[in-house]
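Take a look at the letters that make up each chain.
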Amino acid sequence: MNIFEELKARGFVYQMTDEAAIEKKLATEKVVFYCGFDPTGSSLHVGHLLPVMAMRMLQKAGHVPTVLVGGATGAIGDPSGRSTARNMITMEEVAYNVECLKSQLSRFITLENGEANFVNNFDWFGKIKLLDFLRDIGSRFSVNRMLAQKSVESRLENGLSFLEFSYSLLQGYDFYHLNKEYNCSLEIGGQDQWGNMVAGTELIRRMYEEDKEVHVLTIPLLINPATGQKFGKSIGGTSVWLDVNRTSVFDYYQFWRNCDDAMLGDLLKKFAIELPLEECIALAECENINRAKEILAFEATKMAHGEQAAREAFLTAGSQFGFADPERKVPTSSAVGSIECKIETSYPEITLPADLLDGDGLWIVQLLVKSELCKTNSDARRLLQGNAVKVNGEKVADMNKTYKAADVPEKELLVQSGKKNFKKVIFA
């Protein structure tokens, strides 16, 4: 199976400019390709990872990824898939977000030794003069065609600013610039990006006298059949982030471990890409579905946070909730198959400032919220009223309970909410 066939078999192919030409290029050339990510926030979430998985597969097949983090386009915000405009952020925030995303993307894409290009489109847009851009680039775009794009058409009734309307020109120019500077001939992205991506191929053909073979390939959205929603949200409806300060490694692991049964096959094929496709299919069909979910969670966590972190999350979850296959009967090539399923007493940790224990001390309600076991004070009060809170193994019923430095001589508290949620709180 060649790389294009595998991308199709794993469900990474939705729409493309020329299927036969793309398959031939990937089979006969070392293709420089790119995918863009806008730094509108300081962290990616799991919903961003589909194109990242495709990039990783293409790189492992010998092709050269160009990772574009849009310091310029991120300052505008892509209108695709949105009913309202994004909140504007400062250029300082954009620059900070660029560095954060580069760090996260480097976990999945090898950027060293010339195996990939990492670029920021502010490096070229920051040097272009407005009149030059309008005359040289804007003159080659049809407003009629731009108005027909779904990302624009869907917003016309509620209003679309010229700022957002110009986004397609900038993304199209990105492809032209990367083709000129890096010989980039393929762009990949989500299916909602089709209009913006095709704008790039059209611009390239209009900018050169000779015929340039460039293509785009989109990846289908991943929909949860149980809810009809786009993949990427936890059960509580919150995003699952790659930033460990927003989603702990343990919670990241648990997100995958608790996936809907109906999504398991798709998730294995798309996020356990280090495992052979045949194994992913077999795991999705095996009788021990929870073991298959453990393997998925381990593989997804390993890619995002490293093998040691995935191992710790697997053992911690198994210690709390039980192992799905303690005798390791389900065959797998995953490294989790070699881990002895033994009960460990490690728990997800969070570090809080020690000065919270000074003065009047740390109120139990604040402790629950700051340890991220509860989202709000109201949630914490409800748990306390329901006798569902333990600290260091002892139930806490007193709503006014506080913890001072003298009460925490070891500078650690094990906080439990309900039967299954634990957090080791370290004061430093």
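Computed from a predicted model, the values in this text were never measured in an experiment.

Draft legend 1. Spatial organisation of the pairing of strand E6 (residues 215-219). The buried count for E6 comes to five of five residues, which makes it a mostly enclosed element. Bridge analysis of strand E1 (residues 15-16) against E6 gives two bridges, and the strand direction is antiparallel. Bridging across to E6, Met16 finds its partner in Leu217. Across five bridges, strand E5 (residues 186-190) lies against E6 in parallel orientation. From the neighbouring strand, Ile188 faces E6, where its bridge partner is Leu217.

Draft legend 2. Fine view of helix H10 (residues 167-182). Taking 1.5 Å per residue, 16 residues should reach 22 Å; H10 reaches 22 Å between its end C-alpha atoms and fits that length. Counting buried residues along H10, 13 of its 16 residues qualify, which places the element largely inside the surrounding structure.

Draft legend 3. Up close: the pattern of salt bridges. All told, the structure shown has 14 salt bridges when counted by the stated rule. Among the ionic pairs, Lys8 bridges to Glu19, the shortest N-O distance being 2.7 Å. You can see Lys8 sitting in helix H1 (residues 3-9) and its partner Glu19 sitting in helix H2 (residues 19-28), a full eleven residues away along the chain. According to the relative accessible area criterion, Lys8 is partly exposed, its value standing at 41%. Residue classification places Glu19 among the partly exposed residues on the basis of a relative accessible area of 34%. Its salt-bridge partner being Asp379, residue Arg382 comes within 2.4 Å of it at the nearest N-O pair. With Arg382 and Asp379 both in helix H18 (residues 377-385) and three residues apart, this pair spans about one turn of that helix. We classify Arg382 as exposed; its relative accessible area is 51%.

Draft legend 4. Looking closely at the sheet that holds strand E12 (residues 412-417). Judged by pairing direction, the sheet is mixed, and its five strands sit side by side in the order E7-E13-E12-E9-E10 without closing on themselves. The outermost strands of the open sheet, each flanked by one partner alone, are strand E7 (349-352) and strand E10 (394-395). Examined bridge by bridge, E7 and strand E13 (residues 421-427) share four bridges and lie parallel to one another. Pairing of Leu352 across the sheet is with Phe427, part of E13.

Draft legend 5. Layout of the packing of H10 against helix H11 (residues 194-207). Between H10 and H11, the least distance of the axes is 7 Å, while the angle of their chain directions is 55°. Considered as vectors, H10 and H11 are oriented oblique to each other. Our pair here, H10 against H11, has a crossing hand that is right-handed. Where H10 approaches H11, its residues Tyr167, Ser168, Gln171, Gly172, Tyr173, Phe175, Tyr176 and Asn179 are matched on the opposing element by Gly195, Asn196, Met197, Ala199, Gly200, Thr201, Leu203, Ile204 and Met207. In terms of residue class, the contact of H10 with H11 is made up of nine nonpolar, eight polar and no charged.

Draft legend 6. Representation of the environment of Val64 within the structure. Looking at the element boundaries, Val64 is found in strand E3 (residues 64-69). For the pair Val64 and Glu115, spaced 51 residues apart in sequence, the C-alpha to C-alpha distance is 6.1 Å. Residues in contact with Val64, not counting those within four places in the same chain, are Lys30, Val31, Val32, Phe33, Glu115, Ala116 and Asn117.

Draft legend 7. Looking closely at the sheet that holds E6. The six strands are arranged E1-E6-E5-E2-E3-E4 in an open sheet whose pairing can be described as mixed. For this open sheet the edge positions go to E1 and strand E4 (117-120), each flanked by a neighbour on one side alone. The pairing of E3 with E4 spans four bridges and is classified as parallel. Among the inter-strand pairings, Leu68 is bridged to a residue of E4, identified as Val119. In the packing of helix H3 (residues 49-60) onto the sheet, the strands contacted are strand E2 (32-37), E3, E5 and E6, and the crossing angle to E2 comes to about 160°. Running at roughly 170° to E6, H11 makes contact with E1, E5 and E6 of the sheet.

Cut-off values and rules
- Residues numbered from 1 in each chain as written.
- Predicted model: local features only at pLDDT ≥ 70, side-chain atom pairs only at ≥ 80, totals over all residues.
- Heavy atoms only, no water.
- Buried < 20%, exposed > 50% of the residue type's maximum accessible area, 1.4 Å probe, protein only.
- Helix = DSSP H or I, 4+ residues; strand = E, 2+ residues; numbered from the N terminus.
- Pairing = 2+ DSSP bridges.
- Expected span 1.5 Å × (residues − 1).
- Salt bridge = Lys/Arg side-chain N within 4 Å of Asp/Glu carboxyl O.
- Axes fitted to C-alpha atoms, helices over the stretch in contact; angles between N-to-C directions.
- Parallel < 35°, antiparallel > 145°, perpendicular 65-115°, else oblique.
- Left-handed = near helix turned anticlockwise from the far one by under 90°.
- Contact = heavy atoms within 4.5 Å.
- Nonpolar A, V, L, I, M, F, W, Y, C, P; charged D, E, K, R; others polar.

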